[in-house]
Protein chains: 2
Amino acid sequence: MTDGVAERSRPRDRILETAQDMFHKHGIKGVGVDAITEAAGTNKMTLYRHFESKDELIIECLRATAAKASRIWDEFEAQHPGDKLGQLHAWVQKASELLSADSRGCDMANAAVELSEADHPARRVIKELKEAQREKLVMLCRDAGIGQAELLADTLSLLLEGARVSMQSVGSEGPSAQFVRMAESLIASFRAR
Amino acid sequence: MTDGVAERSRPRDRILETAQDMFHKHGIKGVGVDAITEAAGTNKMTLYRHFESKDELIIECLRATAAKASRIWDEFEAQHPGDKLGQLHAWVQKASELLSADSRGCDMANAAVELSEADHPARRVIKELKEAQREKLVMLCRDAGIGQAELLADTLSLLLEGARVSMQSVGSEGPSAQFVRMAESLIASFRAR
DNA sequence: GCTAAAAGTTACAGACCGGTAACACCCTAG
DNA sequence: CTAGGGTGTTACCGGTCTGTAACTTTTAGC
């Protein structure tokens, strides 16, 4: 009995994909391994043959999610080849689409909130992946010819992070509704300096 | 055997205070009622005589936290009586202090992340409290004579929300380190319009 | 000091959790 | 056809969770 998410493929892939989806929707501590394997059309033993623990599965899910996000950057390059400023606007646009399409926020940020233990193995991974994403945005701003590239990138990061978490508290009609306007006027303001 | 948090006071107050602290530090799903009552120097039965369920306790904790935050607004008024712009700068300063003092973010936002069930009773409360806070900041911006008060208030909200969640992912050396600079230059920019 | 309410204590129910053992099955590579 | 690895199934372990029952002790008001 497979659900829509998991077609007939290798159990490991189905588990990974299903776990990503369920962790995202219900939170890491809100879903157990039994529920994941059942939704993936397999069983707990098979999960533990492929992942040595739930924590390992969590980490693999975060890596997979980050890899997906990373592929979006390639789209920007494909859509606006060489045009770094165009890619920055595409980033804003894509971020806005993300906000409209989904109100459960960023998996990595959510995981950081849920896994409050300072020494949880996933925290290293979260920090690494988030730092890599930050570096990408800084580079994009710099290549777009913006002077204070780090400051703009960090401001945009905080705005998006805030919008994604705000969605979860007050919904889509809250402050996050103005994200595009904020981001665009920020970019314009930094370009004018 | 009482710990530092809970002096000799009524059990209900000790439970509430201890629960606030532990929910904040370890997350709502990361701490059980037994652990709370033990840290509060009491027991589970007493908790359930004062709160009809853990969910009710969660809600009461959120209300108490919001009430504490609300009292900070009174400080602003006391420190800068009549000077709304000074109060806005005090808000930025206070937000920055919050970021430095604590890296577990906003209890309400964290609760919204953890309690992913759309119909969880705490979600109504979270939304109400967050909307009240937003309204306060909008009023402050408006009274400070800023034209696009809602937009500035929402931008500042998202920046702070983002900074508080970013702290939990990448730590205090990440984008949140620039919060004050971002906020101040935003205020300056809005005032110049 | 008596009484009644509040609080403490112990034990338990029922569910879920992460993780493992033992064994049967199937499917594919040789 | 056969051997072996991947997979499915069932049962279980020890622990933790929210919530309750029944009973004893302490506290506070009169």
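Remember, it's a predicted structure, so these values are computed and weren't measured experimentally.

Draft legend 1. Seen up close, the UniProt feature "domain: HTH tetR-type" (unreviewed entry) in chain A. Those residues carrying the UniProt feature "domain: HTH tetR-type" (unreviewed entry) are residues 9-69 of chain A in this numbering. As annotated, residues 9-69 of chain A has a helix share of 75% and a strand share of 0%, and its two end C-alpha atoms lie 23 Å apart.

Draft legend 2. The arrangement of the pattern of salt bridges in detail. All names here are of chain B. Taken as a whole, this structure holds 16 salt bridges over all chains when the rule is applied. K25 is the partner of D21 in a salt bridge, and the nearest nitrogen-oxygen pair spans 3.0 Å. With D21 and K25 both in helix 1 (residues 11-26) and four residues apart, this pair spans about one turn of that helix. Residues K94 and E97 are paired through a salt bridge, measuring 4.0 Å at the closest nitrogen-oxygen approach. Of this pair, K94 and E97 both sit in helix 5 (residues 84-101), separated by three residues, roughly a single helical turn.

Draft legend 3. Up close: the protein's contact with DNA strand D. In the vicinity of DNA strand D there are 17 residues, among which T42(A), R49(A), K44(B), Y48(B) and K54(B) approach most closely. Taken together, the sugar and phosphate atoms account for 43% of what DNA strand D places within 4 Å of the protein. Contacts to DNA strand D include R49(A), whose side-chain N or O atom sits 2.6 Å from a base oxygen. In this structure, V33(B) approaches DNA strand D through a main-chain N or O atom, which is 2.9 Å from a phosphate oxygen. Of all the elements in the fold, those that place two or more residues in the surface near DNA strand D are helix 3 (44-50) of chain A together with helix 2 (33-39) and helix 3 (44-50) of chain B. Tallying contributions element by element places helix 3 of chain A first for the surface near DNA strand D, with four residues.

Draft legend 4. Spotlight on the interface of chain B and chain A. On the chain A side, the residues contacting the 42 residues of chain B number 41 residues. Taken over both partners, the interface formed by chain B and chain A buries close to 3300 Å², and the fraction arising from carbon and sulfur atoms is 67%. By the criterion of area lost to chain A, the three top residues of chain B are V113(B), L158(B) and S169(B), representing 20% of everything that side buries. On the surface where chain B and chain A come into contact, there are zero salt bridges. Sorting elements by how many residues they give to the side of chain B that touches chain A places helix 8 (residues 149-170) of chain B first, with 14 residues. When the residues that make up the side of chain B that touches chain A are grouped by side-chain class, the tally is twelve nonpolar, 16 polar and 14 charged.

Draft legend 5. Structural detail: helix 8 of chain B. All names here are of chain B. Along its 22 residues, helix 8 runs 31 Å from first to last C-alpha, staying within 8% of the 32 Å computed at 1.5 Å per residue. Most of helix 8 is tucked away, with 21 of its 22 residues classed as buried. Taken from the residues just after helix 8, G171 is the one with a positive phi, measuring 90°.

Draft legend 6. Highlighting the relation of the copies chain B and chain A. For the pair chain B and chain A, the relating rotation is 180°, the translation along its axis is 0.0 Å, and the fit reaches an RMSD of 0.0 Å. Taken together, the rotation angle and the small translation identify this as a two-fold axis. Relative to the rotation axis, the C-alpha of G162(B) is the closest in chain B, positioned 1.8 Å from it. Taken as a fraction of all interface residues of chain B, those also at the interface in chain A reach 98%, which identifies the copy contact as same-surface.

Rules behind the numbers
- Residues numbered from 1 in each chain as written.
- Chains lettered and ligands numbered in written order.
- Predicted model: local features only at pLDDT ≥ 70, side-chain atom pairs only at ≥ 80, totals over all residues.
- Heavy atoms only, no water.
- UniProt positions renumbered as here; feature names shortened; annotations may be inferred.
- Helix = DSSP H or I, 4+ residues; strand = E, 2+ residues; numbered from the N terminus.
- Salt bridge = Lys/Arg side-chain N within 4 Å of Asp/Glu carboxyl O.
- Near = heavy atom within 4 Å.
- Polar contact = N/O pair within 3.5 Å; in protein donor to acceptor, adjacent residues only side chain to side chain.
- Contact = heavy atoms within 4.5 Å.
- Buried area = accessible area lost by both parts, 1.4 Å probe.
- Nonpolar A, V, L, I, M, F, W, Y, C, P; charged D, E, K, R; others polar.
- Expected span 1.5 Å × (residues − 1).
- Buried < 20%, exposed > 50% of the residue type's maximum accessible area, 1.4 Å probe, protein only.
- Least-squares fit on C-alpha atoms with pLDDT ≥ 70 in both.

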